[in-house]
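Architecture at a glance
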Amino acid sequence: MSIHTPFLVFAGTNSLYLAEKICISLQCPLGQMNIQRFADGEFSVSYEESIRGKDVFLVQSTFPNSDNLMELLLMVDAAKRASAHSIIAVIPYFGWARQDRKDKPRVAIGAKLIADLLGVAGINRLITMDLHADQIQGFFDVPVDHLYASTVFLEFIRSTFEIDNLVMATPDVGGTKRVSSYAKHLELPMVICHKTRRRANEVADIRIIGDVRGKDVLLVDDIVDTAGTITKAADLMLNEGGARSVRAMASHAVMSDPATTLVDRSGLSEIIFTDSIPYTKKSEKVTILSIAPMFAEAIRRVCHDESISSLYTIK
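These lines cover the structure that appears in this document, whether it is placed above or below. (Residues numbered from 1 in each chain as written. Predicted model: local features only at pLDDT ≥ 70, side-chain atom pairs only at ≥ 80, totals over all residues. Heavy atoms only, no water.)

**Concerning the sheet that holds strand β7 (residues 144-147)**
Across the sheet, which stays open at both edges, the five strands sit in the order β1-β4-β5-β6-β7 with parallel pairing between neighbours. Among the strands making up the open sheet, the edge pair consists of β1 (7-11) and β7. Each strand of the sheet is rotated relative to its neighbour by a mean of 15 degrees, with strand direction disregarded. Strand direction decides the pairing type here: β1 and strand β4 (residues 55-59), joined by five bridges, are parallel. Counted as the bridge partner of Leu 8 is Val 56 from β4. Here helix α8 (residues 292-303) sits on the sheet in contact with β1, β4, β5 (86-91), β6 (125-129) and β7, set at roughly 155 degrees to β6. (Pairing = 2+ DSSP bridges. Helix = DSSP H or I, 4+ residues; strand = E, 2+ residues; numbered from the N terminus. Axes fitted to C-alpha atoms, helices over the stretch in contact; angles between N-to-C directions. Contact = heavy atoms within 4.5 Å.)

**Describing the nonpolar core**
Counting 49 residues, the largest nonpolar core has Phe 57, Ile 127, Leu 147 and Met 168 as its most contacted members. Here the element with the most residues in this core is α8; it accounts for eight residues. Not counting the four nearest positions on each side in its chain, Phe 57 is found in contact with Phe 7, Leu 8, Val 9, Phe 10, Ile 88, Val 90, Ile 127, Ile 299, Val 302 and Cys 303. Counting residues in each nonpolar core, the second largest holds 34 residues, with Phe 10, Val 56, Leu 72 and Met 75 among its members. (Core = buried A, V, L, I, M, F, W, Y, C linked by side-chain atoms within 4.5 Å. Buried < 20%, exposed > 50% of the residue type's maximum accessible area, 1.4 Å probe, protein only.)

**Some details on the packing of aromatic side chains**
This model, assessed by the stated rule, comprises five aromatic pairs. Aromatic pair Phe 7 and Phe 57: ring centres 6.0 Å apart, planes at 90 degrees, arrangement edge-to-face. Within this pair, whereas Phe 7 is found in strand β1, its partner Phe 57 is found in strand β4, the two being separated by 50 residues in sequence. The burial state of Phe 7 is the same as that of Phe 57; both residues are buried. (Phe/Tyr/Trp six-rings, centres within 6.5 Å; stacked < 30°, edge-to-face > 60°.)

**Some words on the packing of helix α1 (residues 16-26) against α8**
As a packed pair, α1 and α8 sit with axes 8 Å apart at the nearest point and diverge in direction by 60 degrees. Regarding the angle of α1 to α8, the classification is oblique. As for the relative orientation of α1 and α8, their crossing is right-handed in sense. Here Leu 18, Lys 21, Ile 22, Ser 25 and Leu 26 of α1 lie close against α8, whose contacting residues are Ala 292, Pro 293, Phe 295, Ala 296, Ile 299 and Arg 300. (Parallel < 35°, antiparallel > 145°, perpendicular 65-115°, else oblique. Left-handed = near helix turned anticlockwise from the far one by under 90°.)

**Focus on the packing of helix α4 (residues 150-160) against helix α5 (residues 176-186)**
At a minimum axis separation of 12 Å, α4 and α5 run at an interaxial angle of 45 degrees. Here α5 runs oblique to α4, going by the angle between their axes. Here the hand of the crossing between α4 and α5 comes out right-handed. On α5, the residues that touch Ser 150, Phe 153, Leu 154, Ile 157 and Arg 158 of α4 are Tyr 182, His 185 and Leu 186. Of the residues contributing to the contact of α4 with α5, the split by class is five nonpolar, two polar and one charged. (Nonpolar A, V, L, I, M, F, W, Y, C, P; charged D, E, K, R; others polar.)

**As for the side chain of Ser 251**
Inspection of the secondary structure assignment puts Ser 251 in strand β12 (residues 245-253). The class of Ser 251 is buried, set by a relative accessible area of 2%. Ignoring sequence-local partners within four residues, the contact set of Ser 251 consists of Met 129, Asp 130, Ala 149, Phe 153, Asp 221, Asp 222, Thr 274 and Ser 276.

The analysis is restricted to geometry; functional conclusions fall outside its scope.
The structure is reproduced here in structure tokens:
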């Protein structure tokens, strides 16, 4: 049954594919808007229908390049000036989230800056998924609904894997809490990979903490960027740890070059992502699961003032 509430869903250019699927789940049309681009790279945003007094949901992941973020900011500003009742930014992948603290002197805290920009532009609420660090929610002065890809992944794990022989693993110590939640919920053992880096995006050494011999290993992460860490961890578990197979699962497929090549050449049997970011490369090892129904349900609950927390299986 269609839901009849005063809301509209609009999409930025590079998240149109996801917004269309969200609207199918909501049984509502996608809002009409126009993004005009100029020769020098500047662009302007305009809504092609009235949004006065409506709750407006703006779907746009802020992955690089920065045009995606700027496009969202203009969408928010245009909605505010068009007298929208409320403006809800739906950001499945929140870019710059890895810059969430000062890890050395004289650096920016990018995640806080983006939060401030969105707040000044005029959002009234944020719906996002699997932030790189939970404390980023505190950077905002508006309500934040933080969804978890585990809602989608757990169903896939139960329907696909031989649970009795499965071991949950994290490719770095920072993901220990995340993988521990999966392991406890599924009542499975877990192992940890400890890595050291020479510099950003370059791993120097990885060591396994735990036993994977003869096991099917599932590596869990939030972001795969260059895929250097996760492919090295997979090869180490196979070649030195004696694992029977290694698969990986991550919320956001950043997959900067040469990530797809590294995955194809690695010992990974499969790597599973959500469609929070459009994956445009080709790889037989990559499986994409849709988060559109989960975000559609979150939007429906926001419209009807219902609890969002009951969506979460694990965090």
